[in-house]
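Examining the three-dimensional arrangement
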Amino acid sequence: SAASDVYKRQLLEREKDFEVVGEAADGEEAVRLSSELEPDLVIMDIVMPEFSGIAATKLIKQASPSTVVLVLTAYNDIRYVIGLLEAGAGGYLLKTARSSEIIRAIRAVHSGESVLDPEVTRRLLQRVAGSSNKTDGRQAASLLSSREIEILRLASRGMSNKDIATELFLSLRTVKAHLTNIFNKMGCSCRTEMVIKAFREGYIGLDDVSPEERAIDRSKI
């Protein structure tokens, strides 16, 4: 709605390090403006006139791989989630999220972290649980140190690198190094893939997925 769009813009403009450089009325305009304005980040919906959120995200990422796409939508259908992640979206957040969660999610995906709404994560893991295609990564994952397993579980709850560092009294650089080691040992390229493998291998369960605060920073939004 128009009122909702005004609220979202005001929410973003209150952040001193954010700059809203454009707004699009439909998917086609979103793709065109992204090409013209070259924003650092695009906030995308799913159901729109002309191009869908999935099609628009795919086109934006093809034209500008460095542009981050954060999906903010009312739809939590797992088919949309998978489609958008495959299209290159860096995060998927429901519109029921609190204002602070939206701001933190924007900063998180901009810094390279994956963001999934806890409810969406649960649905994704439920889909994985119902799949017969189980991966056999226990041998690689068994190489994880106790500290790496601890960080893996916190990251799976949606905590940002910064929050994990605070929680464990570690430096941000140390947390990033541990996550890089986890990705390498588990054969993962992003947090979403890491969460799925961690679930399949028994390191986390559905009850471990709970709302968490997340964090980050940048210029043009």
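Residues numbered from 1 in each chain as written. Predicted model: local features only at pLDDT ≥ 70, side-chain atom pairs only at ≥ 80, totals over all residues. Heavy atoms only, no water.

1. So, the environment of arginine 79
To keep it simple, the criterion reads: A run of H or I in DSSP becomes a helix once it reaches four residues, and a run of E becomes a strand once it reaches two; helices and strands are each numbered from the N terminus. The buried label applies to any residue whose accessible area, calculated with a 1.4 Å probe on protein chains only, is under 20% of its type's maximum; exposed applies above 50%, and partly exposed to all values in between.
Along the polypeptide, arginine 79 turns up in helix H4 (residues 78–87). When its relative accessible area of 62% is taken as the criterion, arginine 79 is described as exposed. Residues arginine 79 and leucine 124, spaced 45 residues apart in sequence, show a C-alpha to C-alpha distance of 9.4 Å.

2. Regarding the packing of helix H6 (residues 118–129) against helix H11 (residues 191–200)
Note the cut-off: A fitted line through C-alpha atoms represents every axis, and for helices the fit uses only the stretch in contact; the resulting angles, taken between N-to-C directions, go from 0 to 180 degrees. Put simply, angles under 35 degrees are roughly parallel, angles over 145 are roughly antiparallel, angles from 65 to 115 are roughly perpendicular, and the rest are oblique. Here a crossing is called left-handed whenever its near helix is offset anticlockwise from the far helix by less than a right angle, and right-handed whenever the offset is clockwise. We call two residues in contact when some of their heavy atoms are within 4.5 Å. Polar here means any residue outside two lists: the nonpolar Ala, Val, Leu, Ile, Met, Phe, Trp, Tyr, Cys and Pro, and the charged Asp, Glu, Lys and Arg; Gly therefore counts as polar.
Look at H6 against H11: their axes get within 10 Å of each other, and the N-to-C directions meet at 50°. The angle between the axes of H6 and H11 places the two elements in the oblique class. The chirality of how H6 crosses H11 is right-handed. Contacts between H6 and H11 involve Thr121, Leu124, Leu125, Val128 and Ala129 on the former and, on the latter, Thr192, Val195, Ile196, Phe199 and Arg200. Across the contact of H6 with H11, the residue classes tally to seven nonpolar, two polar and one charged.

3. Comments concerning the pairing of strand E3 (residues 91–94)
Our working rule: Following DSSP output, two strands are said to pair if at least two bridges run between them. By convention, orient the strands away from the viewer: a clockwise path from the first strand over the helix to the second makes the crossover right-handed.
Neither face of E3 is left uncovered, since the one carrying Gly91 and Leu93 and the one carrying Tyr92 and Leu94 both have all their residues buried. Where strand E2 (residues 68–73) meets E3, four bridges bridge the pair, whose relative direction is parallel. Residue pairing for E3: leucine 70 is matched across the bridge by glycine 91. Sheet topology places E3 next to strand E4 (residues 115–116); two bridges connect them, and they run parallel. Bridging from a neighbouring strand, tyrosine 92 pairs with leucine 116 of E4. One crossover worth recording links E3 to the parallel E4 by way of helix H5 (residues 99–110), and it is left-handed.

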